[in-house]
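Architecture and fold: a report
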Amino acid sequence: MFIQRVRDQLHIVLAMSPIGDSFRNRLRKFPSLVNCCTIDWFQAVCPQAWPEDALEAVAARNLEEVYMSADVREGCIAMCKKFHTATEVLSLKFRNELGRFNYVTPTSFLELIATFKVLLERKRG
């Protein structure tokens, strides 16, 4: 009786990013992820998936340890926000014109900031 109740009521949620080969490889290795599961794809309905204040807060937090003046920091934060929102708009245009998806995720925004920091360090160094 207990085992049957567990089987009936147990639910497991897996969250995976569809970016890159690892997602595709997991689906090939474990076909039950497709056959025996319900997949919910969460995508932005509008081009702006993250609010601009959230983008600013994340960029400010990640750039706070980088040495630069306040004006330059504000410009860098605005640049990161502009790059991310422009990529979201271009991804929507790409999907509408070619029918192909390009995913713009929180991870891609963090990678943008990390890449900026690496390039800035190289330029300064």
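So, here's what we can say about the structure. (Residues numbered from 1 in each chain as written. Predicted model: local features only at pLDDT ≥ 70, side-chain atom pairs only at ≥ 80, totals over all residues. Heavy atoms only, no water.)

A look at a nonpolar patch on the surface
- On the surface, a cluster of nonpolar side chains totalling about 720 Å² of accessible area is made up of Phe2, Ile3, Val6, Leu10, Ile12, Leu14 and Met16.
- Secondary-structure assignment places Val6 in helix H1 (residues 2–9).
- Since its relative accessible area comes to 33%, Val6 is described here as partly exposed. (Patch = residues over 30% accessible without salt bridge, like charges linked within 9 Å, V, L, I, M, F, W, Y side chains within 5 Å. Areas by Shrake-Rupley, 256 points an atom, 1.4 Å probe, with all protein chains shown as cover. Salt bridge = Lys/Arg side-chain N within 4 Å of Asp/Glu carboxyl O. Helix = DSSP H or I, 4+ residues; strand = E, 2+ residues; numbered from the N terminus. Buried < 20%, exposed > 50% of the residue type's maximum accessible area, 1.4 Å probe, protein only.)

Regarding the packing of helix H4 (residues 52–63) against helix H5 (residues 70–98)
- Between H4 and H5, the least distance of the axes is 9 Å, while the angle of their chain directions is 130 degrees. As summarised for this structure, H4 and H5 are arranged oblique, according to the angle between their axes. Remark: the crossing between H4 and H5 carries right-handed chirality. Mapping the contact onto sequence places Glu52, Leu55, Glu56, Ala59, Ala60 and Leu63 in H4 and Arg73, Cys76, Ile77, Cys80, Lys81, His84 and Thr85 in H5.
- Class assignment for the residues of the contact of H4 with H5 results in seven nonpolar, two polar and four charged. (Axes fitted to C-alpha atoms, helices over the stretch in contact; angles between N-to-C directions. Parallel < 35°, antiparallel > 145°, perpendicular 65-115°, else oblique. Left-handed = near helix turned anticlockwise from the far one by under 90°. Contact = heavy atoms within 4.5 Å. Nonpolar A, V, L, I, M, F, W, Y, C, P; charged D, E, K, R; others polar.)

Observations regarding H4
- Taking 1.5 Å per residue as the helical rise, H4 with its twelve residues ought to reach 16 Å, and the 16 Å between its terminal C-alpha atoms agrees with that figure.
- The complete set of buried residues in H4 reads Leu55, Ala59 and Leu63. Viewed along the axis of H4, the buried residues span an arc of 50 degrees, placing them on a single side of the element. Facing away from the buried side of H4, by more than 90 degrees, are the exposed residues Asp53 and Arg61.
- On its buried side, H4 packs onto H5 and helix H6 (106–124). (Expected span 1.5 Å × (residues − 1). Arc of directions from axis to C-beta.)

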